[in-house]
There are 2 protein chains.
Amino acid sequence: MPTIKDVALRAGVSVTTVSRVLNNRGYLSEELKKKVYHAMDELHYRPNELARSLSRSKSNLIGLIVPNAANPFFGELISHIEEYAYNQGYRLLLCNSLLDRKKEAEYIDMLRSSRVDGIILGSHTLEVEDYRHIHLPVVTFDRQISDDIPYISSDNYRGGELATTLLADKGCRKIAHIGGHPHPDLLALKRLDAFKAVAMKRGIAHIEIHTDVDVFHYPQYGPLTARLLEEHPDIDGIFASSDMIAAYALKVCREHGRKIPGDIRIVGYDGVKLTDLFSPSLTTVAQPIPDMARRAVDLIIRQMQGGQVEMEHVFPVELVEGGTA
Amino acid sequence: MPTIKDVALRAGVSVTTVSRVLNNRGYLSEELKKKVYHAMDELHYRPNELARSLSRSKSNLIGLIVPNAANPFFGELISHIEEYAYNQGYRLLLCNSLLDRKKEAEYIDMLRSSRVDGIILGSHTLEVEDYRHIHLPVVTFDRQISDDIPYISSDNYRGGELATTLLADKGCRKIAHIGGHPHPDLLALKRLDAFKAVAMKRGIAHIEIHTDVDVFHYPQYGPLTARLLEEHPDIDGIFASSDMIAAYALKVCREHGRKIPGDIRIVGYDGVKLTDLFSPSLTTVAQPIPDMARRAVDLIIRQMQGGQVEMEHVFPVELVEGGTA
DNA sequence: CTGAAAGCGCTAACAG
DNA sequence: CTGTTAGCGCTTTCAG
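Residues numbered from 1 in each chain as written. Chains lettered and ligands numbered in written order. Predicted model: local features only at pLDDT ≥ 70, side-chain atom pairs only at ≥ 80, totals over all residues. Heavy atoms only, no water.

- As annotated in an unreviewed UniProt entry, chain A is LacI family transcriptional regulator from Paenibacillus stellifer.

**Observations concerning the interface of chain A and chain B**
And step 1. The partner chain B presents 50 residues to the 50 residues of chain A that form the contact.
And step 2. Between chain A and chain B lies a buried interface of about 4900 Å² when both sides are counted; carbon and sulfur atoms form 59% of it.
And step 3. Here chain A is connected to chain B by 2 salt bridges.
And step 4. Salt-bridge contacts for Arg 46 of chain A lead to Asp 109 of chain B; the nearest nitrogen and oxygen are separated by 3.3 Å. (Contact = heavy atoms within 4.5 Å. Buried area = accessible area lost by both parts, 1.4 Å probe. Salt bridge = Lys/Arg side-chain N within 4 Å of Asp/Glu carboxyl O.)

**Topic: the protein's contact with DNA strand C**
And step 1. In the vicinity of DNA strand C there are 22 residues, among which Thr 17 and Arg 20 of chain A together with Ile 4, Tyr 45 and Ser 55 of chain B approach most closely.
And step 2. Taking all atoms of DNA strand C within 4 Å of the protein, the share assigned to sugar and phosphate is 66%.
And step 3. Note that a phosphate oxygen of DNA strand C is positioned 3.0 Å from one of the backbone N or O atoms of Asn 48 of chain B.
And step 4. For the surface near DNA strand C, the secondary structure elements donating two or more residues are helix H2 (15-23) and helix H4 (49-56) of chain A together with helix H2 (15-23) and helix H4 (49-56) of chain B.
And step 5. Tallied by class, the residues present in the surface near DNA strand C amount to 8 nonpolar, 10 polar and 4 charged. (Near = heavy atom within 4 Å. Polar contact = N/O pair within 3.5 Å; in protein donor to acceptor, adjacent residues only side chain to side chain. Helix = DSSP H or I, 4+ residues; strand = E, 2+ residues; numbered from the N terminus. Nonpolar A, V, L, I, M, F, W, Y, C, P; charged D, E, K, R; others polar.)

**Topic: the relation of the copies chain A and chain B**
And step 1. The operation relating chain A to chain B is a screw motion whose rotation component is 180°, with 0.0 Å of axial translation and a residual RMSD of 0.1 Å. Here the two chains are linked by the operation of a two-fold rotation axis. Residue Leu 93 of chain A of chain A places its C-alpha closer to the rotation axis than any other residue of that unit, at 2.4 Å.
And step 2. An overlap of 100% is found between the interface residues of chain A and their copies at the interface of chain B, pointing to a shared contact surface. (Least-squares fit on C-alpha atoms with pLDDT ≥ 70 in both.)

Right, here's the structure in full:
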């Protein structure tokens, strides 16, 4: 593979000059540029980013840790983050933590070794302390790790209000919230808070059920919903903490002979593309995923440049009325 | 950030020695190792992978280009590839081509600049010629680019047979195949071939419809299916070329008042996790995604090591009977 | 405006 | 068995 030296030789200039045209620094006559570019083309030259990164001590790499790329929500997030990062001149190093503490810690180490310029955390199973030692631009999704690490989230409380209010307005008398384990650090918990508050205010019976630990292990939501229906046959509204959970709830309700939305109304959360693939489409509280993805990348870049950044980035949600509520 | 030099100084040895314990090369007394490890710990030392990669001219990076990480099939693929690659000591550089020729070409250039050790192509919109110049271990999914680039696919023809035979066995009299644009290079075309062959043999009326270009632009499958139902109201079986397409077909059929599987039977392809999230679960031809992911990584590694590899890697498919057929 | 040379952090001959 | 030293390919002072 040709190096900058080969190009210099071929173009009859010094490596410094080649480097200059490569980075377009300082004055360079058109003629000179042409000559160098020509040599590059002839040799099929591709600058070695490893060497550049090493020498500049800047890799233009962003690490992204998510629980699982196979999850539709994270799939969309990844897709948008990658796209925007690429447009800003950054490459993406992707990691699936599978919500495993040890693996997540390893990944963080690995990313530091890789000298990424920053880390976007969509998964954060570790303790606050573990994150303080990263010493790198970081931004998290849906968790406030410390007051010097910016976070991005949707307006969870508002989302919970929208969903629950919709159920109430549609006349539900007994509603349930289904979600993952309510870890106190998770901002998604606010969806539940709002659910309770609205139900209370509207004088509606409400119950909450959740998984033990792994929020993203979907098969468990089937039995969970089934149990809900058996123990509370009079349930007529469900607020699921994600669209995937809503989909499972929808399925199980139907299998139990309930008409949706006739007997039971269901509202999801996230607004992933997949929602309109169901029949009827899922009614859901949509997060502006592309905007959030973009913000994540921007925050990494701004921190990298030493800029001061806001710590809270709460994005507005929107109720998308499908046919399940 | 501490360097190997700092560690050497702190441990009272040379950098060579530190490098040796880092790579566990040659004989090293336990005592010496301890000393070095201790120094590393004290300094919170993390070897700089950029420097290592540069010096060894091996990055332990694998580039993965997919059409879109938000697509459930690719989401699962990415997830498995990442997991296996990581276990083998490789990191993943992810790219979304969005099926855009120019972008894909740019990504390939970028990955070469990044000195990835190999490229896994889940997206391949370019001409054969463009790929011959990569000069790097490559493996593709579902497309045979040339006879020296290994490819991975499911047994498309067999899958098409399974799906179509199922429809025939269930008594369908007029069936349709819905898929993306049938690009001749795409191995997925064999699903269609099998569909036609089986339908012919069983004496069943059959038609095929497909999108114009972008296979992964799902919204278009709605209208496409709607048109199908209007022009051929007597359709009683659909073989969709992916689970996502099947999901859209399911939805549209229902919206047109058809009972599934009573009036129309639907079979998908891929076997993504999402299939059992529908009610009823989608009947589909499942590909062994984890095995295929693993093979992709193995093939990159083996080629990298200069090993000779088979060119064809066709994986068995399995009919998964959900409730739509 | 251009080039020589030092250095980014690590590896690997090659000596000792 | 351990250390010296010359790269890996590029950037960036610092002279000229």
